[in-house]
Structure formats: structure tokens, C-alpha cells
Amino acid sequence: MQWIDLRSDTVTLPTDAMREAMMRAPVGDDVYGEDPSVNALQARLADELGFEAGLFVPSGTQSNLIGLMAHCQRGDEYIVGMDAHTYKYEGGGAAVLGSIQPQPIVHAPDGTLPLDAVERAIKPVDPHFARTRLVCLENTWHGRALPLQYLAETRALCDRRGLALHLDGARMFNAAVALGVAPREITRHFDSVSVCLSKGLGAPVGSVLLGTRDLIDTARRWRKVVGGGMRQAGMLAAAASFALDHHVARLAEDHARAARLADGLQGLRDVQVVAQHTNMVFIEVPVERHDALRRALDDARVRVSIGYTPAIRLVTHLDVDDEGVARTVQALRAFASR
Ligand SMILES: *Cc1c(COP(=O)(O)O)cnc(C)c1O
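The residue count restarts for each chain, going from 1 along the sequence in the order it is written. With pLDDT at 70 or above as the cut-off, local features in this predicted model cover only qualifying residues; side-chain atom pairs require 80 or more to be listed or tallied, and sums for whole chains, interfaces and linings still use all residues. As a rule here, side-chain values cover all heavy atoms of the structure and leave hydrogens and water aside.

1. With respect to the site of the ligand
(1) Moving on: Being near a molecule or strand, for a residue, means having at least one of its heavy atoms within 4 Å of it. Ser59, Gly60, Thr61, Asn64, His85, Glu90, Glu138, Asp168, Ala170, Arg171, Cys196 and Lys199 make up every residue found near the ligand.
(2) Moving on: Under the rule applied, a polar contact is a pair of N or O atoms within 3.5 Å (in protein, one hydrogen donor and one hydrogen acceptor; residues adjacent in sequence only if both atoms are side-chain atoms). Within the contact set of the ligand, an oxygen atom lies 2.7 Å away from a side-chain nitrogen or oxygen of lysine 199.
(3) Moving on: Shrake-Rupley sampling with a 1.4 Å probe provides the accessible areas, and residues are treated as covered by the protein chains on show and by no other component. Out of a free accessible area of 380 Å², the ligand has 81% covered by protein chains.
(4) Moving on: Helical segments are the DSSP runs of H or I of at least four residues, strand segments are the runs of E of at least two, and each set is numbered from the N terminus. Sorting elements by how many residues they give to the shell around the ligand places helix α3 (residues 60-71) first, with three residues.
(5) Moving on: Residues belonging to the shell around the ligand are distributed by class as follows: two nonpolar, five polar and five charged. Under the scheme applied here, ten amino acids are nonpolar (Ala, Val, Leu, Ile, Met, Phe, Trp, Tyr, Cys and Pro), four are charged (Asp, Glu, Lys and Arg), and all others, including Gly, are polar.

This is how it looks when you write it as C-alpha cells:
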């Protein structure tokens, strides 16, 4: 029996067709700007998402880091969610490597940063304070697509207060598919956007940072500084382009499977579904039953991270099919009835 891995949508494996595309990719030295497959990916995403330029990087963490470093100087500050990836899950990179101070804000339950709190956090221009330069949002946030109206309001606030606006759009395509809008309807509100190709889109490696030509030139310099300049990266870029061609619309299937998974777990004793949005389901199980839960899921060959956060996250993706959802529901129902 095959394992079903619901820990994250990062675990997807490249498909045979994707591997074929990687094999055929024309390549060159990307540090010299001479890799045709990397250049094609960057240009194509910039065009589709409405930016002047793009930059292919090894990870979403690096994409956010060099984006922040391109916007901010030493002693500048960015306003960010308390639970945001760029603040909480990237090793404090902006502060550690960029000398950029984070100003965290508590998220509203829908993943937005309340704009009155954002506005209160903006520092006066005075040597006592770091210089507030940037607001950073995350979309999707715990699977939730941020409302388009909220993005427009945040843009207006940033314009009024002279701040730049960055999107950690690791799962931006999930948000666009869930809202039924063109990705541009999300990205047009931002000065820079980072998108991951290696999550639900199924490429093995890579993210792209998008912005103005100037911002991307600065980010390219920082990419080299932090060790992200890759040489014949075209094979990876070809996988990413393949993912954009073939794996965006199908994210709707992941969302439908996550909804079915959540439905199948309704009304169980000891398994409480606390949220389901796009490709994520969050459940809570009493801590004293976590060992039993681990055993039950192991026996059914379902892999889940347990105990990392209070809620347990189940993520659907390219490599989770209907049988995988059914088996997970069955295993959790059997566990709950014991
Ligand atoms: C996965 C993810 C990233 C980037 O992660 P890497 O593992 O460095 O590619 C950034 N932001 C969010 C919200 C993510 O989920």
C-alpha cells in the first residue's frame, strides 16, 4: 500500500511528463543571465502577473528574504503578521541577514492584518524609531484566500502612508483558483510578489520573485550574496513552466478533495474539524490521544505531522487522489470510534 502524505503540499514528486520537460530544457549559465529556460519562466510569470521582471530562486524563503532586502535598508522595518511565514518560519532571516526589523501584528481570524493596527504600528520619522518601509501580507494564509477588497484597502493605506507592499504568495495560485479570478486580480495590488512553484503546483524546486526592473536588479544582487545564484538551472525552471502550464487549474481538485475530507470527518468524537480552506484541513484531537492517532494513521499508511502545532494540518495536493482521501477518512473514523 502506498503512503498518503498529507504533511504538506511540498512533498509532491515530479510527474513523468514533467521529467520529460526537464530533460528537453535548453540550459545556460543563469548567473550570466544566459539560461533560456530560466529567462522564459521569469518573463512569462512577469507578464502573466503584471510585473516588469521576475527572478527564479531556489526557495520561497530566499525569495521573501531578498524581496525584503531589496525593499528595505539596514534599520528599516516591515509590518507583518505575527503568524506569517516571513516572520515566524524563516529563521528570522530579514533581521538576521538583512538588519530589517519586523513589526509583527496579530492576525484577524480571516488572516488579514487589521488596517487600524497596521496604521498604528507605522513609526514617526524620528531617530528613535526604525523607518517603516513595507507591509507584508501572506495569501493564502492557513489556506484562506484574503478578500480582494481587503487587498485594495491595504494598497490604498500603503499609498497614503508611502509604504511598499509585498505579498508572500507561496500559494497565491490556490487563492486565485478558489476565488475564481485571474491571478493578476490578486497580484496587481502589490509592489512585489513571491510565488512558490514547489508547493501544490508540483515542481521539485523553486520560487519566483516579481517586481519592477529596479527592484529585481537589486534582488538579483542579494540572491548572489546569499548564495542563490544557480548555473544551469533551466531544468528546474522547465519543471516550473510545466507546472504553470498543467497544474494550476487542477488545484481546484485539491480544494474539492480537502472539502470532501473535512465533510467525512464531521461529527466524530475526539476529531474536531476546526477549519477547511482551499487545500488545507485543520483538525484538533485531544493531546492524550495523539499516540493512538499516530498509530492509527501509520497502520493506514497516512502520514501527518502531529504535535507540531495544537491543530493538526492535513494538506491535499497533486499526489493525493480520491482513494487517499477515502483511506484517511476511514482511518480517522475508525480511530474516533475506538
Ligand atoms: C512554503 C512557504 C514559503 C517558502 O518556503 P520554502 O520552503 O522556503 O520554499 C513561504 N511562505 C509560505 C506561506 C509558505 O507556505
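2. Some words on helix α11 (residues 234-246)
(1) Moving on: For α11, which comprises 13 residues, the first-to-last C-alpha distance of 18 Å matches the rise-based estimate of 18 Å (1.5 Å per residue) to within 8%.
(2) Moving on: Only heavy atoms matter for contacts: two residues are in contact if any of them lie within 4.5 Å across the pair. Looking at the buried residues of α11, the elements they touch are α1 (16-24), α2 (36-49), β2 (53-57) and α8 (172-179). Each residue after the first adds 1.5 Å to the expected span of a helix.

3. Quick word on the pattern of salt bridges
(1) Moving on: Salt bridge, as used here, is a side-chain nitrogen of Lys or Arg placed within 4 Å of a carboxyl oxygen of Asp or Glu. Applying the stated criterion across every chain, the model contains 26 salt bridges.
(2) Moving on: For arginine 171, the salt bridge identified is with aspartate 9, shortest N-O distance 2.8 Å. Of the two residues, arginine 171 is situated in the loop between β6 (164-169) and α8 and aspartate 9 in the loop between β1 (4-5) and α1; the sequence distance between them amounts to 162 residues.
(3) Moving on: Take arginine 171: its relative accessible area is 10%, and that puts it in the buried class.
(4) Moving on: Each residue is assigned to one of three classes by its accessible area relative to the maximum for its type, calculated with a 1.4 Å probe on protein chains only: buried under 20%, partly exposed between the two thresholds, exposed over 50%. We classify aspartate 9 as buried; its relative accessible area is 0%.
(5) Moving on: Between aspartate 191 and arginine 155 there is a salt bridge whose closest N-O contact spans 3.0 Å. You can see aspartate 191 sitting in the loop between α9 (184-187) and β7 (192-196) and its partner arginine 155 sitting in helix α7 (residues 148-161), a full 36 residues away along the chain.
(6) Moving on: Look at arginine 155 and you get buried, because its relative accessible area is 15%.
(7) Moving on: Several salt bridges converge on common partners, so that one network encompasses Glu253, Arg257, Arg260 and Asp322.

4. Section: the domain arrangement of the protein chain
(1) Moving on: In this entry, domain limits derive from an automatic or database-based domain assignment. Here the protein chain is described as being made up of domain 1 (11-246) and domain 2 (250-337).
(2) Moving on: For domain 1 and domain 2, the distance between their C-alpha centroids amounts to 29 Å.
(3) Moving on: Every contact between the two is made by 18 residues of domain 1 and, on the other side, 15 residues of domain 2.
(4) Moving on: Buried area is understood as the total, over both parts, of accessible area removed when two parts are fitted together, assessed with a 1.4 Å probe. Summed over both partners, the interface of domain 1 with domain 2 buries about 1,400 Å², with 64% contributed by carbon and sulfur atoms.
(5) Moving on: The three residues of domain 1 that bury the most area against domain 2 are Gly143, Arg171 and Asn174, which together make up 29% of that side's buried surface.
(6) Moving on: Where domain 1 meets domain 2, there are zero salt bridges.
(7) Moving on: Remark: the boundary between domain 1 and domain 2 carries four residue pairs in polar contact (both at pLDDT 80 or more).
(8) Moving on: Considering each element in turn, the side of domain 1 that touches domain 2 owes the most residues, four residues, to α8.
(9) Moving on: Of the residues assigned to the side of domain 1 that touches domain 2, the class counts are seven nonpolar, nine polar and two charged.

5. Brief notes about the pairing of β6
(1) Moving on: When you tally the buried positions in β6, you get six out of six residues, the bulk of the element.
(2) Moving on: Residue alternation in β6 divides its side chains into two sets, Ala164, His166 and Asp168 and Leu165, Leu167 and Gly169, and both sets are buried.
(3) Moving on: We treat two strands as partners when DSSP finds at least two bridges between them. Direction of pairing for strand β5 (residues 131-138) relative to β6: parallel, over a ladder of five bridges. Note on β6: the bridge partner recorded for leucine 137 is leucine 167.
(4) Moving on: Orient the strands so they point away from the viewer, and a crossover whose first-strand-to-second-strand path over the helix runs clockwise is right-handed. Between the parallel elements β5 and β6, the chain passes through α7 in a crossover that is right-handed.

6. Topic: the side chain of histidine 166
(1) Moving on: Inspection of the secondary structure assignment puts histidine 166 in strand β6.
(2) Moving on: In this structure histidine 166 comes out as buried when scored by relative accessible area, which is 0%.
(3) Moving on: In this view, histidine 166 contacts Asn64, Leu134, Val135, Cys136, Leu137, Phe190, Ser192, Val193, Ser194 and Leu209; residues no more than four positions away in its chain are not counted.

7. Overview of the layout of surface pockets
(1) Moving on: A pocket here means an open set of points on a 1 Å grid, computed over the protein atoms alone, that has protein on both sides within 12 Å along at least five of seven lines. A cavity is instead a set of points where a 1.4 Å probe fits but cannot get out; residues with an atom within 4 Å of a point line either one. Grid points are joined across faces, edges and corners, and a volume is the space filled by probe spheres set on the points. Considered as a void within the structure, the largest pocket measures approximately 740 Å³ in volume.
(2) Moving on: For the largest pocket, the lining is made up of 29 residues, of which Tyr89, His142, Phe282, Tyr308 and Arg313 are closest to its centre.
(3) Moving on: Breaking the lining of the largest pocket down by element, the ones donating at least two residues are β9 (272-277), β10 (280-284) and β12 (312-315).
(4) Moving on: Here the lining of the largest pocket gets three residues from one element, more than from any other, and that element is β10.
(5) Moving on: Across the lining of the largest pocket, the residue classes break down as twelve nonpolar, nine polar and eight charged.

8. Some points on the packing of α3 against helix α10 (residues 213-225)
(1) Moving on: Only the stretch in contact is used when a helix axis is fitted, and all axes are lines through C-alpha atoms; the angle between N-to-C directions ranges over 0 to 180 degrees. Here α3 crosses α10 at 120°, and the two axes come no closer than 8 Å. The orientation of α3 with respect to α10, classified from their angle, is oblique. Relative to α10, the crossing made by α3 is right-handed. Where α3 approaches α10, its residues Gln62, Ile66, Met69, Ala70 and His71 are matched on the opposing element by Leu215, Thr218, Ala219, Trp222 and Arg223. Each angle is binned into one of four classes, with values under 35 degrees roughly parallel, values over 145 roughly antiparallel, values of 65 to 115 roughly perpendicular, and all other values oblique. It is the rotation of the near helix from the far one that decides the hand of a crossing: anticlockwise by less than a right angle makes it left-handed, clockwise makes it right-handed.

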